[in-house]
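Overview (structure and organization)
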Amino acid sequence: VFHFVPSLDIGGVEIAIEKSLSDLKKKLEINVFYVRHRGNLEVGQRPWWIALKNMFIARPDVVITSLWWSHPFGMLFRLAGIRWVCFIHNAGVTHTIDRVICSASIRLANEVATDSEQTSAFVRSIKKSAKIHVIPYLFPLPQEAIKIDRISNSFVCVGRNTEQKRLDLIVGFYKHLLS
């Protein structure tokens, strides 16, 4: 399996790869390739051109692409007759290029993986006949109990404030915890 990502920086997709890769490697021969830059996380990722150089030498059975920067590589491998699974990680797009590439990828990929039923519904709105696999990223909570300090009413969020992140739900949930 070749898995393409834009980079291995700290984000939901990248953290999921970091947390699940050792278990996946027990069952699969999987290689991670970056498209833009190496990133801050280390999972043994290699640059995209190595995958292209070895496309027919170490021909993978499956290519997985995550996030729009990576999907054109899936298209290329699909043209070479390699099974492509396009992984869609949210139920929307952030800009025109994202929309064009993700829509084309959903239509052209052999199969689509999603992280939720909501994302699957988004995929079906583009291609009703898409073969979809829902693969939620679920990780165990720490063994110790999570304590909520009801005296301190602080809420801090570090990240992009975009509609897809649904900060309104997080704030609402936090208010519910404090009530």
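Scroll up for the structure.
These numbers come from a predicted model, not from an experiment.

Here we take up the overall build of the protein. When helices and strands are counted, the protein shows six helices and seven strands. Shown N-terminal to C-terminal, the secondary structure of the protein runs as helices and strands in the order β-α-β-β-α-β-α-β-α-β-α-β-α. Here the protein holds 179 residues, and the buried ones make up 37% of them. A separation threshold of at least 6 residues defines the contact pool for the protein, and within that pool the share at least 24 residues apart is 55%.

Right, let's talk about the sheet that holds strand 4 (residues 62–66) for a bit. The strand order 3-2-1-4-5-6-7 describes an open sheet built from seven strands, whose pairing is parallel. Each edge of the open sheet carries a strand with a single partner, namely strand 3 (46–47) and strand 7 (132–134). Direction of pairing for strand 2 (residues 31–37) relative to strand 3: parallel, over a ladder of two bridges. Bridge pairing in strand 3 places phenylalanine 33 opposite arginine 46.

This paragraph deals with the packing of helix 3 (residues 71–79) against helix 4 (residues 96–108). Following both chains from N to C, one finds helix 3 and helix 4 inclined at 30 degrees, their axes separated by 10 Å at the closest point. Viewed along their axes, helix 3 and helix 4 adopt a mutual orientation that is roughly parallel. As for the relative orientation of helix 3 and helix 4, their crossing is left-handed in sense. Packed against helix 3, whose contacting residues are His71, Pro72, Met75 and Arg78, the element helix 4 presents Ile101, Cys102, Ala104, Ser105 and Leu108 at the interface. Of the residues contributing to the contact of helix 3 with helix 4, the split by class is six nonpolar, two polar and one charged.

Both the distance between ring centres and the angle between the ring planes are used here to describe each pair of aromatic rings. Inspection of the entire model under this criterion finds seven aromatic pairs. Through pairs of rings, three or more aromatic residues link up here, namely Phe2, Phe4, Phe33, Trp48, Phe73 and Phe77. Positioned above the aromatic ring of tryptophan 69 is the side chain of arginine 36, whose terminal nitrogen or guanidinium carbon lies 4.4 Å from the ring centre.

Okay, helix 4 next. Compared with an ideal rise of 1.5 Å per residue, which puts 13 residues at 18 Å, helix 4 spans 18 Å between its outermost C-alpha atoms and is within 8% of the ideal. Three or more residues of helix 4 are buried, namely Asp98, Ile101, Cys102, Ser103, Ser105 and Ile106. Packed against the buried residues of helix 4 are helix 3, strand 5 (83–88), strand 6 (111–114) and helix 5 (117–126).

This part is about the side chain of histidine 3. Within the secondary structure, histidine 3 sits in strand 1 (residues 2–7). Residue classification places histidine 3 among the buried residues on the basis of a relative accessible area of 6%. If we ignore the near neighbours within four places in the chain, the residues touching histidine 3 are Ile17, Asn31, Val32, Phe33, Ile64 and Ser66.

The subject of this paragraph is the packing of helix 4 against helix 5. Put simply, helix 4 and helix 5 touch, their axes get as near as 9 Å, and they point 80 degrees apart. Between helix 4 and helix 5, the interaxial angle falls into the category roughly perpendicular. Between helix 4, through Ser103, Ile106 and Arg107, and helix 5, the contact on the second element is made entirely by Phe122, Val123 and Ile126. Here the residues of the contact of helix 4 with helix 5 are counted per class, giving four nonpolar, one polar and one charged.

Quick notes on the rules
- Residues numbered from 1 in each chain as written.
- Predicted model: local features only at pLDDT ≥ 70, side-chain atom pairs only at ≥ 80, totals over all residues.
- Heavy atoms only, no water.
- Helix = DSSP H or I, 4+ residues; strand = E, 2+ residues; numbered from the N terminus.
- Buried < 20%, exposed > 50% of the residue type's maximum accessible area, 1.4 Å probe, protein only.
- Contact = heavy atoms within 4.5 Å.
- Pairing = 2+ DSSP bridges.
- Axes fitted to C-alpha atoms, helices over the stretch in contact; angles between N-to-C directions.
- Parallel < 35°, antiparallel > 145°, perpendicular 65-115°, else oblique.
- Left-handed = near helix turned anticlockwise from the far one by under 90°.
- Nonpolar A, V, L, I, M, F, W, Y, C, P; charged D, E, K, R; others polar.
- Phe/Tyr/Trp six-rings, centres within 6.5 Å; stacked < 30°, edge-to-face > 60°.
- Lys NZ or Arg CZ within 6 Å of the ring centre and 35° of its normal.
- Expected span 1.5 Å × (residues − 1).

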